Amino acid sequence: MSFYTSLTGLNSATSQLAVTSNNIANVGTSGFKRSRADFGDIFSTSPLQKSSSNIGQGVLLKQVSQEFTQGNISTSGNSLDLAITGDGFFPLKTPDGLQDVYTRNGTFTLNDQNNVVNSTGQRLVAASVDSSGKADLTNLNPLTIPPKTIGDAVETTKIQLGLNLPADSALITTDFDRTNPNTYNKSTALTVYDSGGNGYLATVYYAKTQNATIDSPFSKWQTYFFVGDTQVEPALQQATDAVGSKLFVNKYGDVLPKGDPRVVPSSGTTEMFSLDQLTDIRASSPATAVGSPLTSAHFTGGALVGATSGTLSFQILVDGAAQAQTIDYALQEGDSDPQALATRLEIQINNLLGSLPDTLDDPNTVNINEFQKNARYGVTVNFDPDKATFTISSGTTGDTSSIDISQANDKAIALMGLAPSDDLSVAASTSEALRGKTSLPAVLRGDIMTINTAKSVLVTSANKDFLVSVDGIAANIELPFPTIYTNIDAFATALQDKINGIVDPATGRKVSGVTVSFDTKTKQLTFSTGTTGNNAAIQVSGSADWGLGNTEMQFGATTEWKKLAQFTENGALQFVKNGTQTEDPTGLTDKTEWWPVYLDRGELSFDLTGKTVSPLTNMPFETAFLQGGKGALTMSIDFTKSTQYSSAFAVLSQYQDGAPEGELMGLDIGPDGLVNATYSNGSQVSLGKIVLANFSSPSGLRQVGDASYLAEAASGVAKIGEAGSAGFGSIRAGATERANVDLTQELVDLITAQRNFQANAKAIETSSTMTSAIINIRS
């Protein structure tokens, strides 16, 4: 029996040598786990045998198990090389997808289907993730890394060009021809993309068309846009202000943004107006009645005939007054001079109209306010010697002004041409812009008053005097003193009445219509003339008590307006219907008060400082249909960051919002297994999260080669989890786990197995010698 016992020892030593040799052989295998041979002694007995006298029968190899201790980590240049630090295995799928395999060997590559696989073609399994990177462990699939994005292409809709166009560029007066560089100044090019990610060369050409002048202080450039060889026409663009609010224009050429409460945007079909054509600036004018030309019988040699005696009589109705007033002017010496007659008649008319009392409200009537201001100011009478005509104009300007001359007597007809005529009646215009807007009076604001205005006001000898000048009539006035006014408003009324009582001693012209008010917030007196326009003027000087110690002459202003001219193209009037330019006026309404105002198509404008004036938003273009039926692009170009300085042409910034399909540029795998891919179009995509598997008894796994294992009953069912979570190690990309074989230990084990083998062999030799001796005794 000792022979067979030693023979089992030889077999065990051989197994030990084999296991050790296998460990040494796989010392360079990534993810390899060293094996250990486990032995057990053989001992057999029967119930009737005395166990203390039984001898063992040798040794038996019970199992070869793996030690799943951590191997050393070595870095590599392959981002798909993965190492696990801690517990866990990479779950894999066999090429046929039917079997689950587990490994610690993280050496992976991409196959022809862009799957992450190991050297045997087994595919790495990953979980799908949402936008936040959270893994769905119920949805596990082989990890795929697309070399190119799919569906990420973005169609170009907006181009941004920040340029400097040289201010000293020559004007281009010839028709544009992209093949002739002499027909444009500069050009820029960039690539734009369709919805499929296909790129097209887009070129923008710039031609300077206008230098800044006194009349038009803007430099202008015309743009021409091409995609490939196809010219893309600029679309209709409504002008905007600096914050992007669309602009509208009224009949007087006032341009206001949509957000202004005065603007009521139009709808339907409207006349088309161009912002660049709002250049016909006119001074607002009064309603003017024009007499018939005088005959030679009454005007000869520059003098009126028979103008030294008698009475001129006619009725005048000005600016919508309730009733006409009769003018009876007694002719006097010197009136044969028509200019002198005009001046004296003007004074009489204004003295009469300016002194008319207001119509007061009748308290006995219910829900009726009869109040009406009847006085009118600033009527002018002029004579044109070239035409031999008299004109009488209202004191106010604009389309609300009106005048009517009637009931002229024979003297007025003969000397002034006031025979009944349509030219003697000018009505207010409620729709068409004819004479512009109401002009402004002269307004004087004093300094802050130094006296207490909260109570009564005292006029003393020190503050009673005032020097007043109104429309060329100057006078010194004084208020009664000492006088106590109950409040500052009473003082203002008294001063107003005193001013309106001034009479020019030379001409008899009266001051009228001046208003005096007090602002309780600013503690200032305000003086305003009844007359308006550039000829209106006022100055009131007085004591510093009233804030009038340092006043200066203030003047009125004749307002200006712009005569609108409807935009034409090829001689045809243009209209806009629902944002589309058309020659069809169908649906045009006469109720429009504010019209959209448009920019010239494709035009850039710069002010004298070189800053962009228009457009202040993106310049839209018509749809560009690509050659070969490849589709269409609808784009706009943002030129708002462009300038016109004296420096050289430069592209300061350039951007377009389209993108092609992206090529894979980089791959990042985080410690938690999250796989992020970066593509050349700027896209970053989370492709999945590499998960790990673990077992209740990893030593129970079945080895299948290539450092891979299959789950068996002894190992338990695989538990899938995220790297870095409880019970699972983390993942390190660009690294592999080396074999956990210790060569020193293996060499020691090799020597030990060799000694065991030799000892068992010696035991067999000894047993054989004893057997031979026994045989020899018999012989």
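Our structure's up above, just so we're on the same page.
All figures in this text were calculated on a predicted structure; none of them were measured in a lab. Sequence positions are assigned chain by chain, starting from 1 and proceeding in written order. Side-chain atom pairs in this predicted model are given and counted only at pLDDT of 80 or more, local residue features only at pLDDT of at least 70, and totals for whole chains, interfaces and linings cover all residues. Heavy atoms throughout the structure, all of them, feed into the side-chain values; hydrogens and water do not.

> Can you help me understand the nonpolar core in this one?
Here is a general trend for soluble globular proteins: nonpolar side chains tend to be buried in one another's company. Put simply, a nonpolar core is a bunch of buried Ala, Val, Leu, Ile, Met, Phe, Trp, Tyr and Cys residues held in one set by side-chain atoms that sit within 4.5 Å of each other. A simple rule labels every residue: compare its accessible area, found with a 1.4 Å probe on the protein chains alone, to the largest value its type can have, and call it buried under 20%, exposed over 50%, or partly exposed in between. Grouped together as the largest cluster of nonpolar side chains are 34 residues, with contacts concentrated most on F314, I316, I349, F390, I392, I403 and I405. Where this core is concerned, the elements lending two or more residues are strand 21 (286-290), strand 24 (311-318), strand 25 (325-330), helix 2 (338-353), strand 26 (380-384), strand 27 (389-397), strand 28 (403-406) and helix 3 (410-416). Segments assigned H or I by DSSP are reported as helices when at least four residues long, segments assigned E as strands when at least two residues long, and all are numbered from the N terminus. Broken down by element, this core gets its largest block of residues, 5 residues, from helix 2. Two residues qualify as a contact provided that any one of their heavy atoms is within 4.5 Å of a heavy atom in the partner residue. Setting aside anything within four residues of it in sequence, one finds I349 in contact with F314, I316, I327, V379 and V381.

> Which parts of the structure should I look at to understand the sheet that holds strand 27?
Hydrogen bonds between backbone atoms are what pair the strands of a sheet, whose relative direction is either parallel or antiparallel. Here a strand pair is declared whenever DSSP counts at least two bridges between the two strands. With antiparallel pairing, the 3 strands of this open sheet are ordered in space as 21-27-26. Edge positions in the sheet fall to strand 21 and strand 26, since each of these pairs with one other strand and no more. Across the sheet, the mean angle separating the axes of adjacent strands is 25 degrees when strand polarity is ignored. Two strands pair when backbone bridges link them, and strand 21 and strand 27 are joined in this way by 4 bridges, in the antiparallel orientation. With axes taken as lines fitted to C-alpha atoms, and helix axes fitted only over the stretch in contact, angles between N-to-C directions fall between 0 and 180 degrees.

> Explain the side chain of D504 to me, please; I cannot follow it from the model alone.
Relative to the assigned elements, D504 resides in the loop between helix 4 (488-499) and strand 35 (515-519). Only four residue types enter the charge count, namely Lys and Arg as positive and Asp and Glu as negative; His and the chain termini do not. When a carboxyl oxygen of Asp or Glu lies within 4 Å of a side-chain nitrogen of Lys or Arg, that pair is called a salt bridge. Summary of buried charges: D504 has no salt-bridge partner, and the nearest side chain of opposite charge, R509, is 6.5 Å away. Polar contacts involving the side chain of D504 include one to the main-chain amide nitrogen of A506, which spans 3.1 Å. Definition of a polar contact: a pair of N or O atoms within 3.5 Å, with one able to donate and the other able to accept a hydrogen when the atoms are protein atoms, and with sequence-neighbouring residues admitted only if both atoms are side-chain atoms. Among the polar contacts made by the side chain of D504, one reaches the side chain of T507 at a distance of 3.1 Å. Each residue touching D504, except ones within four places of it in the same chain, is listed here: I473 and R509.

> What exactly am I supposed to notice about the packing of aromatic side chains here?
Any two aromatic rings considered together are summarised by their centre-to-centre distance and by the angle between their planes. When the centres of two rings from Phe, Tyr and Trp lie within 6.5 Å, Trp using its six-membered ring, the rings pair. Their planes under 30 degrees apart give stacked, over 60 give edge-to-face, and anything left gives tilted. Evaluation of the coordinates by the stated rule reveals 18 aromatic pairs. Each ring, one from F273 and one from W595, has its centre 5.7 Å from the other, and the planes form 75 degrees; the classification is edge-to-face. Taken together, the residues F273 in strand 19 (residues 273-274) and W595 in strand 44 (residues 595-598) connect sequence positions 322 residues apart. Given a relative accessible area of 6%, F273 falls into the buried group. What links up through ring pairs into an aromatic cluster is the set F176, Y184, Y205, Y224 and F226.

> Would you mind showing me how to read the pairing of strand 55 (residues 702-705) here?
In summary, the side chains of a regular strand alternate between the two faces of the sheet. Pairing of strand 55 with strand 56 (residues 708-710), which is carried by 3 bridges, proceeds in the antiparallel orientation. In the sheet register, Q703 faces strand 56, and the bridge partner there is Y709. Here strand 55 hands over to strand 56 after 2 residues, with D706 in that stretch at a positive phi of 55 degrees.

> Mind showing me how you'd approach helix 4 here?
What sets the pattern is the α-helix's 3.6 residues per turn: residues three or four places apart point alike. A helix is expected to span 1.5 Å for every residue after the first. The end-to-end C-alpha distance of helix 4, which contains 12 residues, comes to 17 Å, matching closely the 16 Å that a straight helix rising 1.5 Å per residue would cover. Measuring from the side-chain oxygen of the N-cap residue of helix 4 to the backbone nitrogen of D489 gives 3.1 Å; that N-cap residue is N487.

> Looking at this model, I keep getting lost on a nonpolar patch on the surface. Mind explaining?
Like charges are joined within 9 Å and nonpolar side chains (Val, Leu, Ile, Met, Phe, Trp, Tyr) within 5 Å, but only among residues with over 30% relative accessible area and no salt bridge; these make up the patches. In this description, accessible areas are obtained by the Shrake-Rupley approach with a 1.4 Å probe, and a residue is regarded as covered only by the protein chains that are shown. Side chains of F3, Y4 and L7 sit close together on the surface and give an oily, nonpolar patch of about 290 Å² of accessible area. Tracing the backbone through its elements, the reader meets L7 in helix 1 (residues 2-25).

> Help me out: how do you make sense of the sheet that holds strand 33 (residues 473-478) in this one?
Strand order across the open sheet formed by 4 strands is 33-32-37-38, with antiparallel pairing between neighbours. Of all strands in the sheet, those with a lone pairing partner are strand 33 and strand 38 (554-555), marking the two edges.

Distances and angles like these do not, on their own, reveal function.
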